[in-house]
Amino acid sequence: MISFEHRVLSEYKLKTSKIDTLSNSIISHRDPHGQEAKEASDFLDVLINETDSFYDKHSDILSNNGKRPHPRSHLLESKQWNENIEKFYEKNPYRRRKN
């Protein structure tokens, strides 16, 4: 049986990958100022808002597993999130993301 925590982590990973895929598609579009790219950009804003609300709703699980809000997120990182993330990386130093 898949735990709730694993399901939340998997869902967040899917949501962030959708944002990355769509933003890369918009950037590499043949006509970045056309109607299609503008509509995709509007949809990207919807995806970002949805991901932000998901992160806000499940922030305890995500931050305790080293997940920060997506770089395109409109959320401000809270002190509690940062502390939880740093605790996770202190316990699991090999899992730190390379940026």
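All values derive from a computational prediction rather than experimental measurement.

Draft legend 1. Structural view of the packing of helix α1 (residues 4-27) against helix α2 (residues 35-57). One can describe the packing of α1 onto α2 by two numbers: an axis separation of 10 Å at closest approach and a directional angle of 160 degrees. Taken together, the axis directions place α1 and α2 in an arrangement best described as roughly antiparallel. Seen along the crossing, α1 lies across α2 with a hand that is left-handed. Across the interface between the two elements, V8, E11, Y12, K15, T16, K18, I19, L22, S23 and I26 of α1 pack against A40, S41, F43, L44, L47, I48, E50, T51, F54 and Y55 of α2. Of the residues assigned to the contact of α1 with α2, the class counts are twelve nonpolar, four polar and four charged.

Draft legend 2. View of the nonpolar core. Residues V8, L9, Y12, F54, Y55, I61, L62, W81, I85, F88 and Y89 constitute the largest nonpolar core, which totals eleven residues. Counting only elements with at least two residues in this core, the list comes to α1, α2, α3 (59-64) and α4 (79-91). When residues of this core are assigned to their parent elements, the largest contribution, four residues, is made by α4. I19, I26, L44 and L47 belong to the second-largest nonpolar core, a separate cluster that totals six residues.

Draft legend 3. Focus on α2. Taking 1.5 Å of rise per residue, the 23 residues of α2 would be expected to cover 33 Å, and the 33 Å separating its terminal C-alpha atoms lies within 8% of that figure. Taken together, the buried positions of α2 are A37, L44, L47, I48, T51, D52, F54 and Y55. Lining the buried residues of α2 we find α1, α3 and α4.

Procedures and definitions
Starting from 1, residues in each chain are numbered consecutively following that chain's sequence as written. Predicted model: local features are reported for residues with pLDDT of at least 70 only, side-chain atom pairs are reported and counted for 80 or more only, and whole-chain, interface and lining totals are derived from all residues. Note that water and hydrogens are dropped before the side-chain values are worked out from all heavy atoms of the structure. Simply put, an axis is a line fit to the C-alpha atoms, just over the touching stretch for a helix, and the angle between two N-to-C directions goes from 0 to 180 degrees. Helix numbers and strand numbers start at the N terminus; a helix is a DSSP run of H or I with at least 4 residues, a strand a run of E with at least 2. In these notes the angle categories are as follows: under 35 degrees is roughly parallel, over 145 is roughly antiparallel, 65 to 115 is roughly perpendicular, and the rest is oblique. Take the far helix as your reference; a near helix turned counterclockwise from it by less than a right angle gives a left-handed crossing, and one turned clockwise gives a right-handed crossing. We call two residues in contact when some of their heavy atoms are within 4.5 Å. Charged means Asp, Glu, Lys or Arg here, nonpolar means Ala, Val, Leu, Ile, Met, Phe, Trp, Tyr, Cys or Pro, and polar covers whatever is left, Gly included. In these notes, a set of buried Ala, Val, Leu, Ile, Met, Phe, Trp, Tyr and Cys residues joined through side-chain atoms within 4.5 Å is what counts as a nonpolar core. Buried residues are those whose accessible area, probed at 1.4 Å on protein chains only, stays under 20% of the maximum for their type, while exposed residues exceed 50% and partly exposed ones sit between those limits. In a helix, the anticipated span is given by 1.5 Å times the number of residues less one.

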